[in-house]
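Geometric and topological summary
Each chain, written out:
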There are 2 protein chains.
Amino acid sequence: MKPTEAYQWLLDYSKTTAYYQSAMGLLHWDQRTCLPKEGRAHRSEQLAAMTSLVHRRATDPGFGEILAEAEAGKNADDNLSDEAVNLREWRRNYDRTTRIPESLAVLIARASSAGELAWQTARQQNDWEDFLPYLERIVDLKRQEAQALSKGGKEIYDALIDDFEPGETAAEIEKLFTKLENATFKLLEKIEAAPRKPDPAVLRGACPPAAQEAFIIKVITHLGYNFDAGRMDFSAHPFTSAIGPGDVRITTRFDPDSFVKGLFSSIHETGHALYSHGLPPKHWGTPLGSSISMAIHESQSRMWENLVGRSRGFWKHFYPAARTHFPWLGKTGLDEFLFALNEVTPSLIRTEADEVTYNLHIIMRFKLERMLIDGQLEPQDLPDAWNGAMERYFHILPQNHSEGVMQDIHWSSGAFGYFPSYALGNMYAAQFYAKAQKELGDLPEMFATGEFSPLLGWLRGNVHSRGSRLLPRDLVRAATGADLDADYLIAFLEAKYEKAYGLRG
Amino acid sequence: MKPTEAYQWLLDYSKTTAYYQSAMGLLHWDQRTCLPKEGRAHRSEQLAAMTSLVHRRATDPGFGEILAEAEAGKNADDNLSDEAVNLREWRRNYDRTTRIPESLAVLIARASSAGELAWQTARQQNDWEDFLPYLERIVDLKRQEAQALSKGGKEIYDALIDDFEPGETAAEIEKLFTKLENATFKLLEKIEAAPRKPDPAVLRGACPPAAQEAFIIKVITHLGYNFDAGRMDFSAHPFTSAIGPGDVRITTRFDPDSFVKGLFSSIHETGHALYSHGLPPKHWGTPLGSSISMAIHESQSRMWENLVGRSRGFWKHFYPAARTHFPWLGKTGLDEFLFALNEVTPSLIRTEADEVTYNLHIIMRFKLERMLIDGQLEPQDLPDAWNGAMERYFHILPQNHSEGVMQDIHWSSGAFGYFPSYALGNMYAAQFYAKAQKELGDLPEMFATGEFSPLLGWLRGNVHSRGSRLLPRDLVRAATGADLDADYLIAFLEAKYEKAYGLRG
């Protein structure tokens, strides 16, 4: 085959695989939103059949041959053309997938599925001993996977990170995290000694589901979520499902006593959805039409949730509407409400943590899983290591493993290397935001007048529309003119929280 | 491969294909219940990719070879073992699918999709001229398909019927339909001259959606629909979607002024769902675990809708609950309500027709499409032929083509040979019901005390659990001890409606 023919073949092949994956996407979405109880066993088998189909295509030697034929026609200087980008990503994925022996891939798939199910029960029953053998199994297999993927020399944990953050390494992450950790500790010390404290009780009141739903729809529609190209349903754990162009769905859940949890969760998912909606539809099904990493995805969700959603400007605009939907807010002034919304306090559960302490939850998980994969820590010693880290970072201890080492789903399902993406996402978000602010003018002032589209437009142009054209570190350089740096996030947090806690004017 | 190995290979292959088809089932379900507007184009492409995958598997020469190897081990006398049945159906489908040239299959898929879309618009706008070229195209292609499938000698329309009713022929259907038509005309004459008439106005009143939903859930749960293995959603055209064992979903829609439409539509879909739920789960993904024909499927839906749902026994049990949900029924006695529910009157629209005239709608469509496929009638002459038939059968004429020749979706999407299944289904239903009544005792008396499970149990044992083991005509013989005969339906209708209209005691 000529290189141009080979490239065309690869495009078609990639899109067909993507249609199958997109069908799997709907199977997953339905599993979490609609599936009747007795249909679960069938759904597992259905997903296994589709997974196997997709895996066979991804590792097909015929694909590898034609990929090599297409690469033969590539100009060595060309790194940024459509063709160069797609070839780069196809190669990366093909090498990655084929380097894992099929027997190992099958064992990991089974152990992940079994581990996740065991975790669900063990967490409910606070039964670490029951969960431990599953975790041991999955850690053992993931070490083997990391070994198989590793190109020698570097630490093998890098190979797992690379699955979520192409090009990233533990050593580079460590540099960023150390800086962030130190700054966070200093900020927390100041906050602890601050002259005033928020009153979280002002956030609680009767929140009928219909009122929560109406307010959320109002907010996210205004932020840019398009209900003609998506929908919002309910699920135990909120998520975003990008089925295809024109079909990006989010889910939410409601706390009957507080609308803010459901609201921020929905804004978070809206951030993911806006990224997916902004990917170039003409490249759908190829790397160019796909998101580049988990951290970049989280940079979008966490920017809308935190940098936008927890800002004074946002609430200047939306607080009157919130009071219409939840009349008991009438007794609370905007300042008092905002301060409560931005309370900083050490807590046990990552997903409920505030903007400042959240990163510490991630950093301690990064350190623990790095040692686990490296063999410096064994699963049986994880609870002690966990509690030690909680003590060191937060000066609090979980009362049981369910609110401690067993709180997250990630490790149970083999997702090692995933956690760093959350805090990296916060850093990318702050850096993008700072640049957008520099180019667009006073963003909070715009939010206060209901203007969110300039920020969205900037993200569309500088992040979303790029798909996988640039690796994350290159993307942030292209979008902001600077290397990824923790300073943007640190500066943002210091300015915001020192002001909130009355430490600066 | 040894025949036993070949058979095992075919079982696995069949199940894998079924998982893909089951994923398509969910894509279709979602398209009609959940899909956001802007996701439609993507969904079409996604379905096309999956269709092509399934079609390639169904026509794969490798499958044909292994099928022949498995058949080589078959005992010639064995027609009813699990193995014999699966081999019979795999052979039937493989021969059928491979006899259609792939180029023709692709043209038909495109023309069907285009035809259905054109029909939707043309029907809304009552624009026959706009629709005609699409219909001409699809009729031309279906004639070619029928020709390709035909084994010579017989009329080619039979090949299309066979897709819905394996083993059935137009000549055999004609015999049944002629008998039914003559009896129906006689019954209608009597009804027209009857001393009393029902008052359909008693069926109308305010029917809030929540009340309709609650009543429907009460009724269909009582009939045996299991919400742990299904769900009920809303769609423009109600349908049943059997995704897999433990996951059979129905949809409904509500008329704000009359709960009976939504109710009967839901009972109809429940009948389909009970059949799907009753298929043997261990054979799922193979012919033995599949329904055998459209007419048998309709026999189940139409039995629950009409023979059960429109019976006095049913309403003796459910009328008090109906009055709780729709208090305005308080002013109408059970007899008056029942009579209105069973009003017989000529009408333009098939889907709204009563139990007696419904079959005439089917018979006229059967005659028209038979002539269309045979070439005795051309699409351009169809409106005149339609109106002529309406005049002859019902003595009424549609005011426009939307309530005439363009009312049904079937022809627009290439579903020729489908219509007869509805009236055949009514005949199968009446014959099953008569036999069940003979074996179980007074069914309406059971219904009156809320006992519907004996009938369901009989259907499970005699129809559902058989899957595709027997062809429809063999199935009715095995279940009732007699050949399919229109007399059971005729006797049922005469007894019920002569009594309702005061023509017999």
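Residues numbered from 1 in each chain as written. Chains lettered and ligands numbered in written order. Predicted model: local features only at pLDDT ≥ 70, side-chain atom pairs only at ≥ 80, totals over all residues.

1. Some details on the overall build of chain A
A count of helical and extended segments in chain A gives 20 helices and three strands. Taking 505 residues into account, the globule formula puts the C-alpha radius of gyration at 23 Å, and chain A, at 23 Å, falls close to it. Each principal axis of the C-alpha distribution contributes one length, and for chain A these read about 70 × 50 × 50 Å. Taken over 505 residues, chain A has a buried fraction of 41%. Restricting the contact set of chain A to residue pairs at least 6 apart, pairs at least 24 apart contribute 73%. (Helix = DSSP H or I, 4+ residues; strand = E, 2+ residues; numbered from the N terminus. Rg over C-alpha atoms; globule rule 2.2 N^0.38 Å. Buried ≥ 20, exposed ≤ 12 C-beta atoms within 10 Å, placed from the backbone. Contact = placed C-beta atoms within 7 Å.)

2. Structural notes on the sheet that holds strand β3 (residues 247-252) of chain B
Residue and element names in this part refer to chain B. Across the sheet, three strands lie side by side as β1-β3-β2; this open sheet has mixed pairing. A single partner strand is all that each edge strand has here, and the edge strands are β1 (232-234) and β2 (240-244). Taken pair by pair, the neighbouring strands of this sheet meet at an average axis angle of 30°, ignoring direction. Bridge analysis of β2 against β3 gives four bridges, and the strand direction is antiparallel. Counterpart to Ser-241 in the pairing with β3 is Arg-249. The strands touched by helix α1 (residues 3-33) within the sheet are β1, β2 and β3, with β2 carrying the most contacts at an inclination of about 145°. (Pairing = 2+ DSSP bridges. Axes fitted to C-alpha atoms, helices over the stretch in contact; angles between N-to-C directions.)

3. Some details on helix α8 (residues 170-192) of chain B
Residues and elements named next belong to chain B. Under the 1.5 Å per step criterion, the end-to-end length of α8 is 31 Å for 23 residues, consistent within 8% with the ideal 33 Å. Inspection of α8 places Ala-170, Ile-173, Leu-176, Phe-177, Leu-180, Thr-184, Leu-187 and Leu-188 among the buried residues, and these make up the whole buried set. Buried residues in α8 make contact with α7 (157-164), α14 (358-374), α16 (420-440) and α20 (487-500). (Expected span 1.5 Å × (residues − 1).)

4. What to know about the pairing of strand β2 (residues 240-244) of chain A
The buried fraction of β2(A) amounts to five of the five residues, a majority that puts the element mostly inside the structure. From the end of β2(A) to the start of strand β3 (residues 247-252) of chain A, which pair antiparallel, there are two residues, and A:Gly246 there has a positive phi angle of about 80°.

5. Some remarks on the interface of chain A and chain B
Taken together, the contacts link 30 residues of chain A with 30 residues of chain B. At the level of elements, α1 (3-33), α2 (40-58) and β2 of chain A are the ones that each hand at least two residues to the side of chain A that touches chain B. Counting residues per element, the side of chain A that touches chain B draws most heavily on α1(A), at eight residues. Residues that form the side of chain A that touches chain B fall into these classes: 15 nonpolar, eight polar and seven charged. (Nonpolar A, V, L, I, M, F, W, Y, C, P; charged D, E, K, R; others polar.)

6. Side note on the relation of the copies chain A and chain B
Expressed as a screw operation, the relation of chain A to chain B combines 0.1 Å of axial shift with a rotation of 180°, fitting to an RMSD of 0.1 Å. Here the two chains are linked by the operation of a two-fold rotation axis. Looking at the rotation axis and the C-alpha trace of chain A, the residue lying nearest is A:Ala23, at 3.4 Å. (Least-squares fit on C-alpha atoms with pLDDT ≥ 70 in both.)

7. Focus on the packing of helix α8 (residues 170-192) of chain A against helix α20 (residues 487-500) of chain A
Residues and elements named next belong to chain A. Viewed as axis vectors pointing N to C, α8 and α20 meet at an angle of 5°, and their least axial separation amounts to 10 Å. Considered as vectors, α8 and α20 are oriented roughly parallel to each other. Residues Leu-180, Ala-183, Leu-187, Lys-190 and Ile-191 of α8 touch α20, and the partners they reach there are Leu-489, Ile-490, Leu-493, Glu-494, Tyr-497 and Glu-498. Looking at the contact of α8 with α20, its residues break down into eight nonpolar, no polar and three charged. (Parallel < 35°, antiparallel > 145°, perpendicular 65-115°, else oblique.)

8. Quick look at the domain arrangement of chain A
Quite often, the size of an interface is put as the accessible area lost when its parts meet. Residues and elements named next belong to chain A. The domains assigned to chain A are domain 1 (3-164) and domain 2 (200-343 + 440-477). Measuring from the centre of the C-alpha atoms in domain 1 to the corresponding centre in domain 2 gives 28 Å. Listed by partner, the interface residues are 18 residues for domain 1 and 17 residues for domain 2. Secondary-structure elements contributing two or more residues to the side of domain 1 that touches domain 2 are α1 and α4 (82-99). With 11 residues, the single largest contributor to the side of domain 1 that touches domain 2 is α1. (Domains from an automatic or database assignment.)

9. Quick notes on the packing of α8(B) against α16(B)
Residue and element names in this part refer to chain B. In contact at an axis separation of 11 Å, α8 and α16 are set at 65° when each is read in the N-to-C sense. Between α8 and α16, the crossing angle belongs to the class labelled roughly perpendicular. The way α8 lies across α16 gives a crossing that is left-handed. Along its contact with α8, which presents Ile-173, Leu-176, Phe-177 and Leu-180, the element α16 presents Pro-420, Ala-423, Leu-424 and Met-427. Tallied by class, residues from the contact of α8 with α16 come to eight nonpolar, no polar and no charged. (Left-handed = near helix turned anticlockwise from the far one by under 90°.)

10. Describing the nonpolar core
Residues A:Met427 and B:Met427 are the most contacted members of the largest nonpolar core, which totals 224 residues. Both domains that meet at this core, namely domain 1 (3-164) and domain 2 (200-343 + 440-477) of chain A, each give it at least three residues. Residues contacting B:Met427, with those up to four places away along its chain left out, are B:Leu176, B:Leu484, B:Ala486, B:Tyr488 and B:Leu489. (Core = buried A, V, L, I, M, F, W, Y, C linked by C-beta atoms within 7 Å.)

11. Structural notes on the environment of A:Pro209
Positionally, A:Pro209 belongs in helix α9 (residues 209-223). For A:Pro209, a count of 13 C-beta atoms within 10 Å translates into the label partly exposed.

12. Side note on the confidence of the model for chain A
Chain-level pLDDT for chain A is 96 on average; 100% of the residues reach the 70-or-more range. Prediction confidence for the complex, expressed as pTM and ipTM, is 0.95 and 0.94 respectively. (pLDDT = per-residue confidence, 0-100.)

13. Things to note about the sheet that holds β2(A)
Residues and elements named next belong to chain A. In spatial order, the strands read β1-β3-β2; together these three strands make up an open sheet with mixed pairing. The sheet is open, and its two edges are formed by β1 (232-234) and β2, each paired on a single side. On average, each strand axis in the sheet is inclined to that of its neighbour by 30°, with strand direction left out of account. α1 contacts β1, β2 and β3 of the sheet and is inclined by roughly 145° relative to β2. Lying over the sheet, helix α10 (residues 259-278) contacts β2 and β3, oriented at roughly 165° with respect to β3.

14. Here's the deal with the environment of B:Glu116
Residue and element names in this part refer to chain B. Its location among the elements puts Glu-116 in helix α5 (residues 102-125). Classification of Glu-116 as partly exposed rests on a count of 18 C-beta atoms within 10 Å. Between the alpha carbons of Glu-116 and Leu-135 there is a distance of 9.5 Å; along the sequence they are 19 residues apart. Sequence-distant contacts of Glu-116, that is, excluding residues within four places in its chain, are made with Ile-409, Ser-412 and Ser-413.

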